[in-house]
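What follows is the residue order along each chain.
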Amino acid sequence: MDHSQRRNGLIAQIIAALSSFITPFMLAAINVALPVISKELSLDAVTLNWISTSYLLSSAVFLLPFGKIADIYGRKKVFLIGIIIFLISSVFAGFSQNSFQLISSRILQGFGSSMIFGTGVAILSSIFPPGERGRVIGLNIAAVYLGLTFGPFLGGLITGHLGWRFIFFFNIPLSLLVIFFIVTKLKGEWAEAKGEKFDITGSVIYGVAIICIIYGMSVLPSLNGFILLGLGIIFLLIFIKVEQKIINPVLEISLFKNNRVFAFSNLAALINYSATFSATFLLSLFLQYGKSLSVQKTGLILLVQPVLMSIFSPLTGKISDKIQPRVLASTGMAISMIGLVLLIFVSTGTSITYIIICQLFLGFGFALFSSPNTNAVMSSVEKKSLGIASATLSTMRLTGQMLSMGLATLVFA
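What counts and how
Residues numbered from 1 in each chain as written. Predicted model: local features only at pLDDT ≥ 70, side-chain atom pairs only at ≥ 80, totals over all residues. Heavy atoms only, no water. Helix = DSSP H or I, 4+ residues; strand = E, 2+ residues; numbered from the N terminus. Rg over C-alpha atoms; globule rule 2.2 N^0.38 Å. Buried < 20%, exposed > 50% of the residue type's maximum accessible area, 1.4 Å probe, protein only. Contact = heavy atoms within 4.5 Å. Areas by Shrake-Rupley, 256 points an atom, 1.4 Å probe, with all protein chains shown as cover. Lys, Arg positive; Asp, Glu negative; His and termini not counted. Charge placed at Lys NZ, Arg CZ, Asp CG, Glu CD. Patch = residues over 30% accessible without salt bridge, like charges linked within 9 Å, V, L, I, M, F, W, Y side chains within 5 Å. Salt bridge = Lys/Arg side-chain N within 4 Å of Asp/Glu carboxyl O. pLDDT = per-residue confidence, 0-100. Core = buried A, V, L, I, M, F, W, Y, C linked by side-chain atoms within 4.5 Å. 1 Å grid on protein atoms, 1.4 Å probe; cavity = no way out; pocket = protein on both sides within 12 Å on 5 of 7 lines; lining within 4 Å. Points joined across faces, edges and corners; volume = space filled by probe spheres on them. Nonpolar A, V, L, I, M, F, W, Y, C, P; charged D, E, K, R; others polar.

Caption draft 1: Layout of the overall build of the protein. Summing up its helical and strand segments, the protein has 16 helices and zero strands in all. The globule rule puts the C-alpha radius of gyration for 413 residues at 22 Å, and the 20 Å found for the protein is close to it. The C-alpha extent of the protein, read off along each of the three principal axes, is 60 × 45 × 45 Å. Looking at the protein as a whole, 54% of its 413 residues are labelled buried. A fraction of 83% describes how many contacts in the protein between residues 6 or more apart in sequence connect residues 24 or more apart. Accessible surface for the protein amounts to roughly 17900 Å². Of this, 72% is attributable to carbon and sulfur atoms. Once the 27 positive and 13 negative side-chain charges of the protein are each reduced to a mean point, those two points are 6 Å apart.

Quick look at the structure:
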C-alpha cells in the first residue's frame, strides 16, 4: 500500500471504529436507563422489553439485504445513509413523548444500524489486503467491546445527571463526526457486485423468517414462542430453496455448501454467542439478588470481561494474520468453555474472586475467538461478496445473542 492508500485506510479505520463504538454503546446504555424510562413514560414490562427488542429485530431483518445492496450499489454510499438514519432516529428517540414514538425511533435506529454493521467491516476488508486484515479487524472489534464496556457506566452517569434522553443525544456529535470523515476524507467506492439484480423475493421471505425466529425466542416458553419458532424454521427452509433457483440471490447458498471456512466460521459464531451471551445477564441478576451487591459494584465486576476483550482483540487479530485463524478461534472457544464450566459451581457462598476468575476465562476466550473468526470469514470470500459476508456474520451474532437469552428465559420458566 502506498502513502495515499495508507491514509485512506487510516480514515476508514477511524470511521469504522467510531461507528462500531456508537451502536453497542447505545444498546448497553439504554438497558441501564430502562427503569427510569419506564417510570417517566408509565410503561408496562412488555412495552419496556420492546424498547430493546424492536432495535435488535429491525437490525437482524435488514442486515443481509443491506449487505447485498452495499455490494451492488456501493458500500460507502450505504454506510453513509445508515449513519444519517441512525443520527435522525437518535434525535427522534431523544424527543419521544410516549412508547409509540420511542419504539418507532428504535425500529428506525435498528434499520440504520443494519446498514452500518453490514458494511463497516466490508469496507475495511476492501481496503486492506489479507496479510493486514486481522490487525485492522481486531482494532475494530476492540471498539465494539469498548462500547459495551462504557455503555452501562456512561449510561448510568448520563441518566443520573442529565436524564435518559441525553443517551440518544450523545450519539449526535459522534455521528456527525463520522459523516464528516466519510464525506470529506474517505476516497473511493466499493461495489464489486455492480450490475447484479437485487433479490426482493428472497429478502422478504428471509425477513419473515428472522422476525418469527427472533421474536419467537423473546417470548419463550409461551406456546406462541414455540409456534413462531417453528414458522421461522419453515420460512428459513423455503428461503434456502428459493435462493438456490435465483440467478442473483440475496444470499449465495453455495457459500455455505462449497466454502467450508465460511460455513463453519459462521456456525462457530452462532454457537459461541448462543453459549456465552446470557452469562453476563445471569451474573448481573446473581450478584444483585444472590450476593446483595449494589448496581455500581455489579457493573464494576462485570467490566472485567469486556475490558479484557478490548485489550486482547487487536493482538489476537494481528496474530491471526500469521497463524491459521481457526487454531486461535478454536482455542478461544475452549477457554470460554472452561469459564462456563466454572460458572456451573457458583452458589451464594462463592467468593467475588472466583466470579472474576470466571470472567477472565470468558473475556480472554472471547478475545481469542472473535477477531480471528471474523478474519477467517472475511478472507474466505471474493471481494464482490464482502458485504454479504460481513452481514451474515453480524446476523449470526445477533441470532446467537437472542437464542442465548431465549434459552436463559426458558430455563428460568
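Caption draft 2: Molecular detail of a nonpolar patch on the surface. Together, Leu223, Ile227, Leu231, Ile234 and Ile238 give the surface a local cluster of nonpolar side chains, amounting to about 460 Å² of exposed area. Examined against the element boundaries, isoleucine 227 turns out to sit in helix 9 (residues 223-243). According to the relative accessible area criterion, isoleucine 227 is partly exposed, its value standing at 45%.

Caption draft 3: Region of the structure containing the confidence of the model for the protein. Residues of the protein with pLDDT of at least 70 account for 99%, and the chain-wide mean is 87. Per-element averaging of pLDDT across the protein places helix 12 (residues 295-302) at the bottom with 76 and helix 3 (residues 75-94) at the top with 94.

Caption draft 4: Layout of the nonpolar core. One finds Ile15, Ile30, Ile37, Ile51, Leu102, Val178 and Met378 to be the most contacted residues of the largest nonpolar core, which totals 87 residues. Broken down by element, this core gets its largest block of residues, 16 residues, from helix 1 (residues 3-41). Apart from residues no more than four positions distant in its own chain, leucine 102 is found in contact with Ile37, Leu41, Ile51, Ala93, Ser96, Trp164 and Phe168.

Caption draft 5: Region of the structure containing the layout of surface pockets. There is about 480 Å³ of room inside the second largest pocket. Tyr206, Leu236, Ile240, Phe256 and Met396 are, among the 19 residues lining the second largest pocket, the residues nearest its centre. Those elements that place two or more of their residues in the lining of the second largest pocket are helix 8 (200-218), helix 9 and helix 16 (386-412). Of the residues contributing to the lining of the second largest pocket, the split by class is 16 nonpolar, three polar and no charged.

Caption draft 6: Looking closely at empty space enclosed by the protein. For the structure on display, the rule yields one cavity of 30 Å³ or more. Roughly 60 Å³ of internal volume is contained in the largest cavity. Along the walls of the largest cavity sit Ala12, Ile15, Ala16, Phe79, Gly120, Ile123, Leu124, Ile182 and Leu186, which together make up its complete lining. Counting residues per element, the ones that place at least two in the lining of the largest cavity are helix 1 and helix 4 (99-127). Considering only residue class, the lining of the largest cavity consists of eight nonpolar, one polar and no charged.

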